[in-house]
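Spelled out, the chains give:
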Amino acid sequence: MKRLIVAALAAIGIAAGGMAQAEDFTPAVVFDMGGKFDKSFNEAAFNGAEKFAADTGIQYRDFEVTNPSMREQALRNMARRGAQVVVAMGFAQAAAVETVAQEFPETKFTLIDMVVDLPNVQSVIFKEHEGSFLVGMAAAMASQTGKVGFVGGMDIPLIRKFALGYVEGAQHVNPDIEIFQNMTGTTPSAWNDPTKGGELARSQFDRGADVVYAAAGGTGIGVYQAAKDAGKLAIGVDSNQNYIHPGTMLTSMVKRVDVAVYESFRAAKDGTWQGGIQILGLAEDGVGWALDEHNRSLVSAEMEAAIEQARTDIIAGNIAVTDYMAQ
Amino acid sequence: MAGEEHRGAAAERGPSGGPGVPALEVVGIQKWFGSVHANDDVSVAVAPGTIHGIVGENGAGKSTLMSIVYGYYQADGGEIRVGGTPVTIKGPEDAIAHGVGMVHQHFMLVDTFTVLENVVLGVEKGYLLRSTLSEARQELERLEREYGLDVDPDAIVGSLPVGLQQRVEILKALYRGADILILDEPTGVLTPQEVDDLFRILRALRDQGRTIVLITHKLREIMALTDRVTVMRAGRVVDHVATAETDRAQLAAMMVGRSVLLRVDKEEAAPGEALLRVESLAVRDRSGVLRVHDVSFTVHAGEIVGIAGVAGNGQSELLEALAGTLASEQGTIAIGGAPVPAGGRAEAARAMRRRGLGHVPEDRQRMGLVTAFDASESGVLGYHRERLYNRGALMSRGAVVDAVGSTMEDFDVRPPLPTLRTANFSGGNQQKIVVGREMSRSPDVLLVGQPTRGVDIGAIEFIHRKLVAMRDEGKAILLVSVELDEIMSLADRILVMFGGAIVGEVSQEEADERTLGLMMAGERADGAEAAGA
Amino acid sequence: MKGFGGPTQAPTWVTHGLVPLINLGLALVIAGIIIALIGENPFEALRLLVLGAVGYPEAIGYTLYYTTNFVFTGLAVAIAFHCGLFNIGGEGQAYLGGLGAGLIGLYLGHWPAPVVIPLAIACAMAFGAFWAFIPGWLQAKRGSHIVITTIMFNFLAAALMTYLLVEIFIKPGQQAAESRTFEAGAWLPFVHDVFAAFGANIGRSSLNLSIVVAAVCLVLFWFFVWRTRWGYEIRAVGHNESAAVYGGIAPDRAIMLAMAISGGLAGLVGVNEIIGVHHRLLLEFTAGYGFVGIAVALMGRNHPAGILLAALLFGILYQGGSELAFDMPNVTRDMVVVLQGLVILFSGALEHMFRGRIERLFARRARAVAA
């Protein structure tokens, strides 16, 4: 019902020629082409925004782009119609944020996964390698065969960053471990190809792997299904995906995009929002590993203790995890 | 030679409804196609046990009428009665249920099935074919005996000659219990001998009490076969007459609406030098089948050479090879003394045209015209590159419209509107556009294929006169036609093709239907006397 | 019977005006019912859609920007249709066109704009034409079916672009597979900047001077198809190949020519997107415009006037649809796709559902008046 009212208000807004609604606080989020229900990156942002709406009763606006030129248009629309803070999801929106942020210096922009250096842009990037290190440890400890796998989405530096952290984590537990790595593809469709994800996972199982980590957006769904069908273990990514197949989901490398979105909205509302770069790692609870009722039985107390110890060590700087992109 | 002896007696043997009641009657039929009034208050009564002809020019509405009776179209008004009872016919199933069968101009047979399978197709009983087939075999054999319709029930239909395929169509209708049999232009694809066989069968059917409706535009057939005839023109019935009380000239005048010349008046030919010379030509069609082999002949200035033959004996491929649109396998073609290089397709067609060759193709809609073009565009096809029609990169629309417009006037195209879509002209007028385009440039050699197919009598007369006039100007004309009448009345010399070869040549004076017919059926000219006994 | 099979004569305004309008209206009615079913007010949705597309200067700019793309792809499909070919490779040809424009932008962007921009346009057309010419050549000389080959070439184009962007043109140290931004010489000016130069202030949008190119293409297309002998030959081959051969027209050459022109037109999408909007090479900028071009050509009856109107309609649907998704939370972007699909379904696929009946009605009335 509230949404209807907001929609009606928005409609009046358009009729009035797109005038800004000055008084209300309106946060906004622009999802990228994956769409807000991708069960992964964009959906995490959606969950954060929903949580903010539930906690504060403040409605937010959102939009899913369907072609590249819409990114700029959507950001501009949000700014012009009075959104005080606009969260842009994904590195692909960097160029659009750069353009629109200059046009609207009063509007706050939060860009996830990429850096744009402007005073009214907050760039949020994650230390995915740290979280991947922890799930790499989990994989190595859970593996009976001494072989684990990694299925990436599109072959870009970001995903190699996931992979490297995972490898280092696994080797931290077992220096002799064998690790298979496959990327799903080189086009953006690699983010949404569960069939191929399943194929890659099965081939890794055939080669002896018994735990597979998918950092591949929607493609991961196929990887998890393949693990369930083969009775092997899989590790989710971005959101907590443990619930998808309880019993075969070993854990998830959570990247708290939801927290980033929530915090961006909250800070803007409270007036504490600041531009600049935010790097969220284990220390900031920006990344982590998921332990809940769905995977409790798969994680022994010993594993849990080891992983938590490593977590503390990384935060304290006793363990250095290599950042692929900083190499 | 018609079956006059049967007339009169037949009328008393109606299959139903008693004497005097028509077997089939249509009353006040109305049918519109868009703005075209295809049938305007058409009423016809067909007496039981007779052969009733319906004659008219193309587009007179006769096929439309029979399509309404057979249920392909619904009439916009009027009534159909079978045996005196009004019936509703919504589709061919209804027509068959009322004992009406139809034999189409284009056969509706499955080529890969046997005769028997074709006959039972669509009326199989039960789930297993076997019982149906054995019952059908007995029934088929009975029908064949009764009417002299000899066909091997186990022959594959595709391997049968056209005349026998037509018998299968007739058997199909009879097997479905047709008392009334409609035949739509049944003789178009038959040799004269096959036509005789068909007529014999039809007479036998009539004598057994069946009723036959024959749709045709050939007056000769009407005179030879029918008991009564209905003449249609422009969607209306002109008159009903007893065949015995009329003649061809009178029927033709009724069809056209004025008196027409059925013979072409022409002087004796005065042949000059050979303008088209063909030596041992062999041609394969597009699927690689050898269609023409070892054909040699010449056409001289000032003569019309006719090529007679049953459709499908290589005439079409010969014509296309001469025009350049089909590559020849071997042999030479010389125009005006100079040989033309063997080539294929478009470039050759263009080269031939440059050498002074005009070509009225056999199938104007498939080849001679682009029906989606307007008449002016169709009217320059093949000549659209001429300088007259082009101004730099652009075509000069004005020049094209003017040129084609004046040709349309000259060739009596109605309406003479170059901006009208080609498809909107009637068949005869489309043909006049093609003929006009090819003749108006006065080519030295003119190839003409089926110039009057689907063309009404008035236009036939016009086209024939034009051809003779061209001949008299000293042009060489090669005429290919399956209409024996046309060949015999126009050509100064007649070549007969059979199985891809020329099997005989006769002069116009020597030509008669019987001789030509035998040659068309594959008898060598020299054996014709003996075979004729 | 043949003589009566000709087209029914109904007034032109019925055939080209009323029938498309009725089809469009039906699509809107069905779309309205669906919108009502998901709990939104369909009239409000329609209002939002129309206002979102033409309600304020920036929206008009975006509508015309989409229209520009659809004009290019619509014309591309249409020229192939005139030759009897179904070119569904507009997507890949547009992709390659963008590559052509982008190469000029990347390497010659420091030259003055009056030199670079014509070069980029020519290069985009050449690349697009090349990408369509190959399937055309395969069809003409080898008989490979154009539908199959153009689909394959869409995939090849996508693979090629991905390879080039991921491995070669990617800006170092960047996540997104995008090239660096071109120098200013390779920026086709935005229309709002052009207006600003004359002191007029219109909203910022993606609309750029490619729309002028599109207008020129519409006019040239008409002259080419109906007033040149190449157009004549292409149409002759498209309508009746046997007649074309008879008329001395080589079908293989007409097919290759038509496909090359088709690809060149589709390639201009690359001009609009790459040097017009993004000023860098990136992935997936074609966003399905090549496929929508099929619907545009179908609705526009392969005539430039119709294509302009159809392109405008789809421009409105795209821009208005995104605004609708923006303002009605229940209307997701997928709903907008459904809406566009309905328009395509009724105007394209089901086009003949009512056409015959309506035309007959009017033909009969015309007859009654005549009588």
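Residues numbered from 1 in each chain as written. Chains lettered and ligands numbered in written order. Predicted model: local features only at pLDDT ≥ 70, side-chain atom pairs only at ≥ 80, totals over all residues.

Some thoughts on the overall build of chain C
Inclusion rule: Only DSSP runs of H or I reaching four residues or more are called helices, and only runs of E reaching two or more are called strands; each is numbered from the N terminus. All radius of gyration figures rest on C-alpha atoms, and the globule criterion is 2.2 Å times the number of residues raised to 0.38. We call a residue exposed when 12 or fewer other C-beta atoms sit within 10 Å of its C-beta, buried when the count reaches 20 or more, and partly exposed for counts in between; the C-beta positions come from the backbone. By the convention adopted here, residues make contact when the C-beta atoms placed from their backbones lie within 7 Å.
Secondary structure summary: chain C contains 15 helices and zero strands in total. Taken over the C-alpha trace, chain C has a radius of gyration of 22 Å; the compact-globule value for 371 residues is 21 Å, and the two agree within 12%. In terms of overall dimensions, chain C has a C-alpha envelope of 75 × 60 × 40 Å along the principal axes. Split into buried and exposed, the 371 residues of chain C put 57% on the buried side. Pairs at least 24 residues apart make up 76% of the contacts formed inside chain C by residues separated by at least 6 positions.

Overview of the overall build of chain A
The helix and strand inventory of chain A stands at 10 helices and 12 strands. A total of 327 residues make up chain A; the buried ones form 58% of that total. By sequence separation, contacts in chain A at least 24 residues apart represent 69% of the contacts at least 6 residues apart.

Remarks on the environment of B:Ala253
Residues and elements named next belong to chain B. Within the fold, Ala253 resides in helix H8 (residues 248-256). On the neighbour-count criterion, Ala253 (15 C-beta atoms within 10 Å) is partly exposed. A C-alpha to C-alpha distance of 9.6 Å links Ala253 and Ile457, two positions 204 residues apart in sequence.

Some points on the sheet that holds strand E8 (residues 211-215) of chain A
Residues and elements named next belong to chain A. Heads up, the condition is: Strand pairing follows a simple DSSP-based rule, namely that at least 2 bridges must link the two strands. To define axes, lines are fitted to C-alpha atoms, for helices over the stretch in contact only, and angles between the resulting N-to-C directions are given on a 0 to 180 degree scale.
With mixed pairing, the six strands of this open sheet are ordered in space as E7-E6-E8-E9-E10-E12. Sheet topology places strand E7 (178-185) and strand E12 (287-289) at the edges, where each strand pairs with a single neighbour. Each neighbouring strand pair of the sheet contributes to a mean axis angle of 15 degrees, computed without reference to strand direction. Bridging between strand E6 (residues 147-154) and E8 involves five bridges; their strand directions are parallel. Note on E8: the bridge partner recorded for Val151 is Ala214.

Concerning the domain arrangement of chain A
Residue and element names in this part refer to chain A. Keep this limit in mind: Domain ranges listed in this record stem from an automatic or a database domain assignment. Under the scheme applied here, ten amino acids are nonpolar (Ala, Val, Leu, Ile, Met, Phe, Trp, Tyr, Cys and Pro), four are charged (Asp, Glu, Lys and Arg), and all others, including Gly, are polar.
Examined at the domain level, chain A breaks down into domain 1 (2-126 + 257-280) and domain 2 (128-255 + 295-326). Computed over C-alpha atoms, the centres of domain 1 and domain 2 are 30 Å apart. If you look at the interface, domain 1 gives nine residues, while domain 2 gives 11 residues. In terms of residues, the side of domain 1 that touches domain 2 owes the most to one element, helix H2 (residues 41-56), which gives three residues. Taken together, the residues that form the side of domain 1 that touches domain 2 break down as four nonpolar, two polar and three charged.

Comments concerning the sheet that holds strand E7 (residues 180-184) of chain B
Residue and element names in this part refer to chain B. Spatial strand order, E6-E7-E8-E3-E9-E10: six strands in an open sheet with mixed pairing. Each of the sheet's edge strands pairs with one partner strand only, and the pair in question is strand E6 (100-103) and strand E10 (236-242). In this sheet, adjacent strand axes meet at a mean angle of 20 degrees when their direction is disregarded. The sheet contact formed by strand E3 (residues 51-56) and strand E8 (residues 211-216) spans five bridges and is parallel. Bridged to Ile54 within E8 is Ile215.

Observations regarding helix H7 (residues 194-206) of chain A
For an α-helix, the turn length of 3.6 residues means that residues three or four places apart are oriented alike. Residue and element names in this part refer to chain A. Selection rule: The span expected for a helix works out to 1.5 Å for each residue beyond the first. When we speak of the arc, we mean the arc of directions from the helix axis to the C-beta atoms.
Helix length check: H7, at 13 residues, gives a terminal C-alpha distance of 18 Å against a target of 18 Å (1.5 Å per residue), a fit within 8%. Residues of H7 that are buried include every one of Pro194, Gly197, Gly198, Leu200, Ala201, Gln204 and Phe205, and no others. Mapping the buried residues of H7 onto a view down its axis gives an arc of 165 degrees, with all of them on the same face. In this structure, H7 carries Thr195 and Asp206 as exposed residues pointing more than 90 degrees from its buried face. Its buried side turned inward, H7 meets E6, E7, E8 and helix H8 (220-230). Looking at the residues trailing H7, positive phi occurs at Gly208, about 115 degrees.

Considerations on the environment of A:Val100
Residue and element names in this part refer to chain A. One can find Val100 in helix H4 (residues 94-103). When the C-alpha atoms of Val100 and Glu178 are compared, they prove to be 47 Å apart, with 78 residues separating the residues in sequence. In this view, Val100 contacts Glu72, Leu75, Arg76 and Ala79; residues no more than four positions away in its chain are not counted.

A word on the interface of chain A and chain C
At the interface, 30 residues of chain A touch 30 residues of chain C. Counting residues per element, the ones that place at least two in the side of chain A that touches chain C are helix H1 (2-15), strand E2 (61-64), helix H3 (68-80) and helix H6 (157-173) of chain A. Partitioning the side of chain A that touches chain C into residue classes produces 16 nonpolar, nine polar and five charged.

Brief notes about unusual backbone geometry
All names here are of chain A. Unlike most non-glycine residues, Asp238 shows phi in positive territory, near 70 degrees. The topology assignment puts Asp238 in strand E9 (residues 233-238). Taking the number of C-beta atoms within 10 Å as the measure of exposure, Asp238 has 29 and is therefore buried.

Focus: helix H10 (residues 301-316) of chain A
Residue and element names in this part refer to chain A. Compared with the 22 Å implied by 1.5 Å per residue over 16 residues, the 22 Å span of H10 between its first and last C-alpha is a close match. Tucked inside the fold, the buried residues of H10 contact helix H5 (128-142), H6 and E12. Downstream of H10 by one or two residues, Gly317 has phi in the positive range, about 90 degrees.

A short note on the confidence of the model for chain C
Residue and element names in this part refer to chain C. To keep things clear, this is the line we draw: As a per-residue measure, pLDDT tells how confident the predictor is, with possible values from 0 to 100.
Looking at chain C as a whole, its pLDDT mean stands at 88, while 94% of the residues score no less than 70. Here residues 1-8 is modelled with pLDDT under 50, and outside its nearest four sequence neighbours on either side it reaches 19 contacts, counting other chains as well. Scoring the predicted complex yields pTM 0.79 and, for the interface, ipTM 0.81.

Considerations on the pairing of E3(B)
For E3(B), a buried count of six out of six residues is recorded, marking the element as mostly surrounded by other parts of the structure. Across the two faces of E3(B) the burial is the same, with B:Ile51, B:Gly53 and B:Val55 and B:His52, B:Ile54 and B:Gly56 all buried.

Here's the deal with the packing of helix H1 (residues 12-37) of chain C against helix H2 (residues 42-54) of chain C
Residue and element names in this part refer to chain C. In plain terms, the rule: Crossing chirality is assigned from the near helix's rotation relative to the far helix, an anticlockwise turn below a right angle marking it left-handed and a clockwise turn marking it right-handed.
Across the interface, H1 lies against H2 with an axial gap of 8 Å and an inter-helix angle of 120 degrees. Of the two possible hands of crossing, H1 and H2 adopt the one that is right-handed. Residues Leu28, Gly32, Ile35 and Ala36 of H1 form the contact with H2, whose own contacting residues are Pro42, Ala45 and Leu46. Residues belonging to the contact of H1 with H2 are distributed by class as follows: six nonpolar, one polar and no charged.

With respect to the arrangement of the chains
The assembly contains two pairs of chains in contact; the pair sharing the most contacts is chains B and C. Chain A shows no contact with chain B. Their nearest C-alpha atoms sit 39 Å apart.

Focus: the packing of H7(A) against H8(A)
Residue and element names in this part refer to chain A. Test applied: Put simply, angles under 35 degrees are roughly parallel, angles over 145 are roughly antiparallel, angles from 65 to 115 are roughly perpendicular, and the rest are oblique.
Closest axis-to-axis distance for the H7/H8 pair is 6 Å, and the angle between their directions is 40 degrees. On the basis of their axis angle, the class for H7 and H8 is oblique. Crossing of H7 against H8: the hand is right-handed. On H8, the residues touching Pro194, Thr195, Gly197, Gly198, Ala201, Arg202 and Phe205 of H7 are Gly220, Ile221, Gly222, Val223, Gln225, Ala226, Ala227 and Ala230. Taken together, the residues of the contact of H7 with H8 break down into eight nonpolar, six polar and one charged.

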